[in-house]
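# Architecture and fold: a report
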Amino acid sequence: MTDLTRLHAHEMTALLRKGEITSRQLTEAHLDVAERQNRALNAWLVITRKEAIAQAYAADRRLTQARKSGAAALAQLHPLCGVPVGMKDLVSVKGGQATAGSKILKGYIAPFDSTVAARLRETGAVFIGKTNMDEFAMGSSTEHSAYGPTSNPWSLDRVPGGSSGGSAAAVAAYHIPIGIGTDTGGSIRQPACMCGVVGMKPTYGRVSRFGIVAFASSLDQIGPFARDVRDAAMLLHAVAGRDERDATSAPVPVPSGLLSLAAGDDEAAGYLRGKRIALPREYFVAGMEPGVAAIVREAVATMERAGARIEEVSLPHTDYGLASYYIVAPAEASSNLARFDGVKYGHNDRSSGEFITDYLRTRGAGFGPEVKRRIMLGTYALSAGYYDAYYLKAQKVRTLIKSDFDKVWAAGFDAICAPVSPMVAFPIGSKVDDPVAMYLTDACTLPVNMAGLPGMSIPAGLSDGLPVGLQIIGAPWSELAMLRLARGFEAVTARAPWRGLDPAELHLTDDPKTPSPIDRKARLARASASGPGEQA
Amino acid sequence: MAALTRADVEHVAHLARLGLTEDELARLEGELNHILDQYTVLTGLDTDHIAPTAQTIELANILRDDVVRPSLTVEEALSNAPERSGSHFVVPAILGGESAGGGA
């Protein structure tokens with residue numbers, strides 16, 4: 001039998017419906033590879049085999065029942081029925097852990113399902129486990145996880161990006177066909193870019209945030225990872241839509257067209273014809289790796305050859321995105337994270353018996369260095385005397401950033417194309433002690449969160465053997481149009497030599513002698529301490 | 001914009017209820033000032049007549065019907081409590097003295 005983990009989710013759907021494979025077979029194949037390779041990748045914080053097998057049995061019963069009842073009953077099932085999925089470990093799944101990559105939530109068991117988990121449960125999708133992430137989604141490399149870094153399957157000494165690095169690496173490594181991440185400043189798009197998979201941050205308000213551990217509430221969105229555009233669209237379809245339990249989830253209909261993107265490459269190529277695409281000159285930032293810029297420009301040229309019209313535009317406030325984001329996001333985070341007081345759940349230290357001392361110790365020991373930095377920044381920006389200079393100023397800049405984008409939509413453009421990350425995946429340890437250098441990796445993604453827009457990363461090629469993504473940014477609620485463009489690009493590059501390549505070091509993850517990411521981190525730290533240029 | 005002194009860092013840490021070690025305070029003083037330096041780019045931008053944006057989707061308040069529906073049970077709500085007493089969370093005393101329960 002062919003390796004079931006190599007299938008796309010939409011191929012799994014077809015085979016499941018025909019009865020040629022069972023969800024149990026699919027689920028076991030994915031569990032086996034995830035369990036075998038996790039030591040070398042650390043993409044998973046927990047793999048829930050027992051629960052997954054039970055869900056797979058239930059999905060098989062639904063599929064069998066529907067098959068007996070005929071085509072109409074099968075069509076009633078969501079295409080994800082029986083398909084394995086992984087979720088970032090900040091998504092509440094009833095009865096399971098949700099650490100958010102933090103020690104402060106170690107041992108916490110979610111007493112309820114998030115809306116995302118409940119909707120996926122309803123479709124019959126099978127939950128393989130929970131993926132690694134930067135603590136509270138604060139980071140761009142997954143190195144800020146309290147549970148050790150994740151390796152990039154393309155180069156195990158490198159980061160997978162972040163904060164949803166575990167989901168991106170697990171999808172790239174065929175542990176799951178699709179996965180859930182969250183994106184506050186680039187945390188889906190940047191790891192998708194660095195791991196060579198598709199990732200989408202939907203419009204703010206498209207997916208309910210109920211039951212997701214909050215980072216910055218006006219910026220956070222939940223979205224899909226997948227190995228192709230059709231699968232990303234399917235997963236978005238399953239989780240999107242208005243939810244009464246999140247007052248910011250919008251009453252905007254979820255397009256059914258998400259489930260019927262063109263399967264054939266000829267038809268899909270037609271999605272590009274006549275589309276007006278804006279290329280913002282400010283996104284080719286100083287310090288961008290030339291290899292990355294070249295691939296993004298080549299991708300845009302490919303779209304043009306396929307019939308799209310490319311025009312350069314200016315988004316003049318782009319350069320203010322980083323500073324304003326790093327005021328707004330930490331400010332909201334410092335407020336959200338005030339709930340971790342060791343009373344209702346989570347780590348607690350009651351050793352002194354004195355209220356303030358225990359409170360300080362609980363939070364001092366429970367949070368890691370990046371979370372502390374952001375809480376400090378946010379608390380400072382909101383504190384008396386500084387509110388106007390920082391937080392209010394940043395919110396005004398946010399208005400200007402949003403209006404830059406509004407002008408592009410008013411001019412009739414269908415989408416904006418841009419780089420995702422100014423660099424390919426970087427070595428573990430190379431930026432973790434330099435917060436500003438780490439923050440700069442998100443310069444091209446965070447303005448999109450500031451404006452609340454949908455954005456996605458799709459694979460566009462390799463630079464020095466490492467993946468480079470193309471960012472597509474759309475007007476609010478234009479996810480379907482964006483996914484069609486992405487599907488069109490996928491179709492016209494279907495025969496490109498970089499398509500269909502396995503992540504270059506994936507084969508090493510089967511070798512029990514391959515070091516874990518924690519060992520790599522220690523080795524790389526020793527190498528860099530012994531002098532520049534010593535890094536392997 | 002002003003630079004943060006060591007005393008400022010300690011003050012903000014206390015406001016944020018973060019117990020930090022000497023090492024952490026020293027490192028944060030440098031790091032926070034380096035990050036604040038990046039913010040100075042904003043001072044050159046005239047925003048006097050710009051309205052702030054707090055949320056990006058133009059939704060008015062959406063209210064749901066005011067009906068009772070199932071929520072977490074007491075057992076579920078208390079399932080992660082470090083310490084409980086019957087159907088309550090045990091919280092640290094925040095008022096000093098024997099008569100902490102007295103009215104104010």
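From a predicted model like this one, the values you see are computed outputs, not experimental measurements. (Residues numbered from 1 in each chain as written. Chains lettered and ligands numbered in written order. Predicted model: local features only at pLDDT ≥ 70, side-chain atom pairs only at ≥ 80, totals over all residues.)

## Re the overall build of chain A
- Within chain A, the secondary structure is distributed over 18 helices and eleven strands.
- Expected size for 536 residues packed as a compact globule is a radius of gyration near 24 Å; at 22 Å, chain A falls within 12% of this value.
- Counting only C-alpha atoms and orienting by the principal axes, one finds that chain A spans roughly 65 × 55 × 50 Å.
- Among the 536 residues that make up chain A, the fraction classed as buried is 60%.
- Relative to all contacts within chain A whose residues are 6 or more apart in sequence, the contacts with residues 24 or more apart total 76%. (Helix = DSSP H or I, 4+ residues; strand = E, 2+ residues; numbered from the N terminus. Rg over C-alpha atoms; globule rule 2.2 N^0.38 Å. Buried ≥ 20, exposed ≤ 12 C-beta atoms within 10 Å, placed from the backbone. Contact = placed C-beta atoms within 7 Å.)

## Some points on the overall build of chain B
- Looking only at helices and strands, chain B features three helices and two strands.
- Taken from the N to the C terminus, the helices and strands of chain B come in the order α-α-α-β-β.
- Out of the 104 residues in chain B, the part that is buried amounts to 14%.

## Some thoughts on the nonpolar core
All names here are of chain A.
- Counting 181 residues, the largest nonpolar core has V85, I327 and I472 as its most contacted members.
- Here the element with the most residues in this core is helix α11 (residues 321–336); it accounts for nine residues.
- Looking at this core, you find at least three residues from each of domain 1 (11–316 + 399–510) and domain 2 (321–397).
- Among all residues touching I472, those that are not within four sequence positions of it are A415, C417, G455, M456, I458, M482, L485 and A486. (Core = buried A, V, L, I, M, F, W, Y, C linked by C-beta atoms within 7 Å. Domains from an automatic or database assignment.)

## Some remarks on the packing of helix α1 (residues 6–15) of chain B against helix α2 (residues 22–39) of chain B
Residues and elements named next belong to chain B.
- It is the contact of α1 with α2, at a shortest axis distance of 9 Å, that shows an interaxial angle of 105°. By the angle between their axes, α1 is roughly perpendicular relative to α2. Taken together, the residues of α2 that come into contact with α1 (itself represented by R6, V9, E10 and A13) are L25, L28, E29 and L32. (Axes fitted to C-alpha atoms, helices over the stretch in contact; angles between N-to-C directions. Parallel < 35°, antiparallel > 145°, perpendicular 65-115°, else oblique.)

## Thoughts on the pairing of strand β2 (residues 84–88) of chain A
All names here are of chain A.
- Burial of β2 is extensive: five of the five residues sit out of reach of the surface.
- As defined by bridge partners, β2 adjoins strand β3 (residues 126–131) across five bridges and the pair is classed as parallel. Bridging from a neighbouring strand, K88 pairs with T131 of β3.
- Assessed by its sense of winding, the connection that carries the chain from β2 through helix α5 (residues 115–123) to β3 is right-handed.
- The sheet contact formed by β2 and strand β4 (residues 178–183) spans three bridges and is parallel. (Pairing = 2+ DSSP bridges. Right-handed = clockwise from strand over helix to strand, strands pointing away.)

## Let's talk about the confidence of the model for chain B
Residues and elements named next belong to chain B.
- Scored by pLDDT, chain B comes out at a mean of 87, with 89% of its residues at no less than 70.
- Considering only residues more than four positions removed or in separate chains, one finds that residues 99–104, a stretch of pLDDT under 50, has two contacts.
- Reported for the predicted complex are a pTM of 0.96 and an ipTM of 0.92. (pLDDT = per-residue confidence, 0-100.)

## As for the sheet that holds β2 of chain A
All names here are of chain A.
- Spatial strand order, β1-β3-β2-β4-β6-β5-β10-β11-β9-β7-β8: eleven strands in an open sheet with mixed pairing. Each of the sheet's edge strands pairs with one partner strand only, and the pair in question is β1 (44–47) and β8 (309–313). Each neighbouring strand pair of the sheet contributes to a mean axis angle of 30°, computed without reference to strand direction.
- In this structure, strand β7 (residues 276–280) lies alongside strand β9 (residues 415–419), joined through two bridges in parallel fashion. Across the sheet, A278 pairs through a bridge with I416, a residue of β9.
- Those strands touched by helix α17 (residues 479–492) are β9, β10 (455–463) and β11 (466–473), and its axis lies near 15° from that of β10.

## Section: the domain arrangement of chain A
Residues and elements named next belong to chain A.
- The domains assigned to chain A are domain 1 (11–316 + 399–510) and domain 2 (321–397).
- Computed from C-alpha coordinates alone, the two centres of domain 1 and domain 2 are separated by 28 Å.
- With 30 residues of domain 1 at the contact, the number on the domain 2 side is 24 residues.
- Broken down by secondary-structure element, the contributors of at least two residues to the side of domain 1 that touches domain 2 are α14 (388–410), α15 (435–440) and α16 (446–450).
- Tallied by class, residues from the side of domain 1 that touches domain 2 come to 19 nonpolar, eight polar and three charged. (Nonpolar A, V, L, I, M, F, W, Y, C, P; charged D, E, K, R; others polar.)

## Quick look at helix α1 (residues 9–18) of chain A
All names here are of chain A.
- Within α1, the full set of buried residues consists of A9, H10, M12, T13 and L16. All buried residues of α1 project into a common sector of 150° when viewed along the axis, lining one side.
- Contacts made by the buried residues of α1 are with α2 (23–41), α3 (49–69), β4, β6 (221–226) and α8 (229–239).
- Positive phi appears at G19, one or two residues downstream of α1, with a value of about 80°. (Arc of directions from axis to C-beta.)

## As for helix α13 (residues 369–382) of chain A
All names here are of chain A.
- Here α13 contains 14 residues, and its C-alpha end-to-end distance of 20 Å stays within 8% of the 20 Å for a straight helix at 1.5 Å per residue.
- With twelve of its 14 residues buried, α13 lies for the most part within the structure.
- Among the residues of α13, those classed as buried are E370, V371, K372, R373, R374, I375, M376, L377, G378, T379, Y380 and A381. (Expected span 1.5 Å × (residues − 1).)

## Re the interface of chain B and chain A
- The interface of chain B with chain A comprises 43 residues on the first partner and 55 residues on the second.
- If you list the elements that add at least two residues to the side of chain B that touches chain A, you get α1, α2 and α3 (74–78) of chain B.
- For the side of chain B that touches chain A, the element with the most residues is α2 of chain B, which contributes seven residues.
- The residue inventory of the side of chain B that touches chain A, partitioned by class, reads 30 nonpolar, nine polar and four charged.

## Some details on unusual backbone geometry
Residue and element names in this part refer to chain A.
- Residues G162 and S163 are joined by a peptide bond in cis, for which omega reads 10°.
- Structurally, the position occupied by S163 is in the loop between β3 and α6 (165–172).
- In the Ramachandran plot, T142 falls in the positive-phi region, its phi being about 70° despite a non-glycine side chain.
- Overall, T142 belongs to the buried group, with 35 C-beta atoms counted inside 10 Å.

## Brief notes about the environment of P202 of chain A
All names here are of chain A.
- By the element assignment, P202 lies in the loop between β5 (198–201) and β6.
- Considered as a pair, P202 and I518 are 316 residues apart in the sequence and their alpha carbons are 33 Å apart.
- Beyond its immediate chain neighbours, meaning those up to four positions away, P202 contacts V207, Q221, G223, L236, A240, P454 and E479.

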